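# Commentary on secondary and tertiary structure
Here is how the chains run, residue by residue.
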Amino acid sequence: MNKKIVIPLVVVILALTAGVVYLFVNLNQQKQANEDMQELAALDKKEMENEYEQFARQYSEMKTQINNDSIVAQLTQEQLKTQRLLEELKRLKSTDAREIARLKKELATVRAVLRSYVLEIDSLNRLNETLVQENTRVKGQLAESNRQIEGLSSEKATLSEKVAIAAQLDATNIAMKAKNKRGKEAKKMKDCKTIEVSFAITKNVTASNGIRTVYVRITTPTGDVLDGGGTFGYENRMINYSMRKNIEYTGEEVQVSTYWSVAEFLSAGNYTVSIFADGNMIGSRTFAFN
């Protein structure tokens, strides 16, 4: 086969292979993030079910602690309501966000009503020794339920952290150019009048959309930061930035360019550019200048 045909053909095959690999990795990342969010929703639903079951059991135990028929009837109604809400929750899919949110609000109401009955019953002061012992047993059951709920909460927190990491922005293709007074690329740093830093915020379907403030921080060879006149929060402290820019992020890749006007002597050496957004460092690169 003619070499003039074979070489372009190989290039095309390699390009197609790289594209397929990129799509496969990207789809796997999206799939993993979606699976993590679904698992997080399922854990949240299970935690709510445990709380509903705990409250229904408390109503049942409270009825054994009093001899007031009127209050027993009220407790029975609240217990039936709690059990009905629990059955509604069990029939729901964890992905039904609207109904899950509604039942979470109902859960807060059930908790408040239960607390009011606990205070009312305590005020009656009619518990005898037997009921005190029974109450101790109930507390043991509640402690076990609370331990189960705490375990679910811990697992949910871990998943929440994984989802947050997946949603973090990423800056790539970071470039820094030194330009002279005519806007051309300066050969030496002493002739630099403007610094241009450009980069791309990559596509991320798990990140939330909206206006984001991106901070650019340039560190000189002497370790100083080119000061842009402001600070931002990073790792529980405020640090200086060189440039900042607001962008509208929609989940798709965004190209960003920022500029810093030189008003001081800049020496030759290594300059480090760091990019920050949402309290995270999302990219960094070092450049050498004569």
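Let's shift gears to the overall build of the protein. Within the protein, the secondary structure is distributed over four helices and nine strands. N-terminal to C-terminal, the α/β element order of the protein is α-α-α-α-β-β-β-β-β-β-β-β-β. In the protein, buried positions account for 34% of the 290 residues. Restricting to contacts in the protein with at least 6 residues of sequence separation, those with at least 24 account for 69%.

One finds Met 176, Ile 195, Val 197, Phe 199, Ile 201, Ile 218 and Ile 275 to be the most contacted residues of the largest nonpolar core, which totals 32 residues. Breaking this core down by element, the ones donating at least two residues are strand S1 (171-179), strand S2 (194-201), strand S3 (210-219), strand S6 (243-249), strand S7 (254-261), strand S8 (269-277) and strand S9 (280-289). Beyond its immediate sequence surroundings of up to four residues, Phe 199 is in contact with Ala 171, Thr 172, Asn 173, Ile 174, Val 214, Val 216, Val 254, Gln 255, Val 256 and Ile 275. Tyr 59, Ile 66, Val 110 and Ile 121 belong to the second-largest nonpolar core, a separate cluster that totals 19 residues.

The subject of this paragraph is a positive patch on the surface. A surface patch of like charges, here positive, comprises Lys 181, Arg 182, Lys 184 and Lys 193. Mapped onto the elements of the fold, Lys 181 is located in the loop between S1 and S2. The class for Lys 181 is exposed, based on a relative accessible area of 71%.

Judged by pairing direction, the sheet is antiparallel, and its three strands sit side by side in the order S1-S2-S7 without closing on themselves. Each edge of the sheet is formed by a strand with only one pairing partner; in this case those strands are S1 and S7. Averaged over all pairs of adjacent strands, the angle between strand axes in this sheet comes to 15°, irrespective of strand direction.

Packed helix pairs are specified by the crossing angle of their axes together with the interaxial distance, meaning the distance between the axes. Close contact between helix H2 (residues 69-91) and helix H3 (residues 97-124) brings their axes to 11 Å; oriented N to C, the two are set at 160°. Comparing the axis directions of H2 and H3 gives the class roughly antiparallel. In the crossing of H2 with H3, the sense of the turn from one axis to the other is left-handed. Here Ile 71, Gln 74, Leu 75, Glu 78, Lys 81, Thr 82, Leu 85, Glu 88 and Leu 89 of H2 come into contact with H3, specifically with Ile 100, Arg 102, Leu 103, Glu 106, Val 110, Val 113, Tyr 117, Glu 120, Ile 121 and Leu 124. By residue class, the composition of the contact of H2 with H3 is 11 nonpolar, two polar and six charged.

A separate point is the pattern of salt bridges. Any two side chains of opposite charge can pair, given that their charged atoms come close. Taken as a whole and judged by the stated rule, the model has 10 salt bridges. Two residues, Arg 102 and Glu 99, come together in a salt bridge whose shortest N-O distance is 2.8 Å. In this pair, Arg 102 and Glu 99 both sit in helix H3, three residues apart, roughly one turn of the helix. A relative accessible area of 26% means that Glu 99 is categorised as partly exposed. What you see here is one network of salt bridges that share partners, running through Arg 84, Glu 88, Glu 99 and Arg 102.

So, on to the packing of aromatic side chains. In the structure shown here, the tally under the stated rule is seven aromatic pairs. Summarising the aromatic geometry, the rings of Phe 232 and Phe 276 are spaced 5.0 Å apart at their centres and angled 55° between planes, so their arrangement reads as tilted. With Phe 232 in strand S4 (residues 230-234) and Phe 276 in strand S8, this residue pair connects regions lying 44 residues apart in the sequence. For Phe 232, a relative accessible area of 4% puts it in the buried group. Ring geometry for Tyr 234 and Phe 276: centres 4.9 Å apart, planes at 70°, overall edge-to-face. Of this pair, Tyr 234 sits in strand S4 while Phe 276 sits in strand S8; the two residues are 42 residues apart in sequence, bridging distant segments of the chain. Exposure class is identical for Tyr 234 and Phe 276. Each is buried. One aromatic cluster in this structure is built from Tyr 215, Phe 232, Tyr 234, Tyr 241 and Phe 276.

Time to look at the sheet that holds S3. An order of S6-S3-S8-S9 is seen for the four strands of this open sheet, with the pairing classed as antiparallel. Each of the sheet's edge strands pairs with one partner strand only, and the pair in question is S6 and S9. Adjacent strand axes in the sheet meet at a mean angle of 20° when their direction is disregarded. Alignment of S3 against S8, held across six bridges, turns out to be antiparallel. Within S8, the position partnered with Ile 218 by the bridge is Val 273.

So, how was this worked out
- Residues numbered from 1 in each chain as written.
- Predicted model: local features only at pLDDT ≥ 70, side-chain atom pairs only at ≥ 80, totals over all residues.
- Heavy atoms only, no water.
- Helix = DSSP H or I, 4+ residues; strand = E, 2+ residues; numbered from the N terminus.
- Buried < 20%, exposed > 50% of the residue type's maximum accessible area, 1.4 Å probe, protein only.
- Contact = heavy atoms within 4.5 Å.
- Core = buried A, V, L, I, M, F, W, Y, C linked by side-chain atoms within 4.5 Å.
- Patch = residues over 30% accessible without salt bridge, like charges linked within 9 Å, V, L, I, M, F, W, Y side chains within 5 Å.
- Areas by Shrake-Rupley, 256 points an atom, 1.4 Å probe, with all protein chains shown as cover.
- Salt bridge = Lys/Arg side-chain N within 4 Å of Asp/Glu carboxyl O.
- Lys, Arg positive; Asp, Glu negative; His and termini not counted.
- Charge placed at Lys NZ, Arg CZ, Asp CG, Glu CD.
- Pairing = 2+ DSSP bridges.
- Axes fitted to C-alpha atoms, helices over the stretch in contact; angles between N-to-C directions.
- Parallel < 35°, antiparallel > 145°, perpendicular 65-115°, else oblique.
- Left-handed = near helix turned anticlockwise from the far one by under 90°.
- Nonpolar A, V, L, I, M, F, W, Y, C, P; charged D, E, K, R; others polar.
- Phe/Tyr/Trp six-rings, centres within 6.5 Å; stacked < 30°, edge-to-face > 60°.

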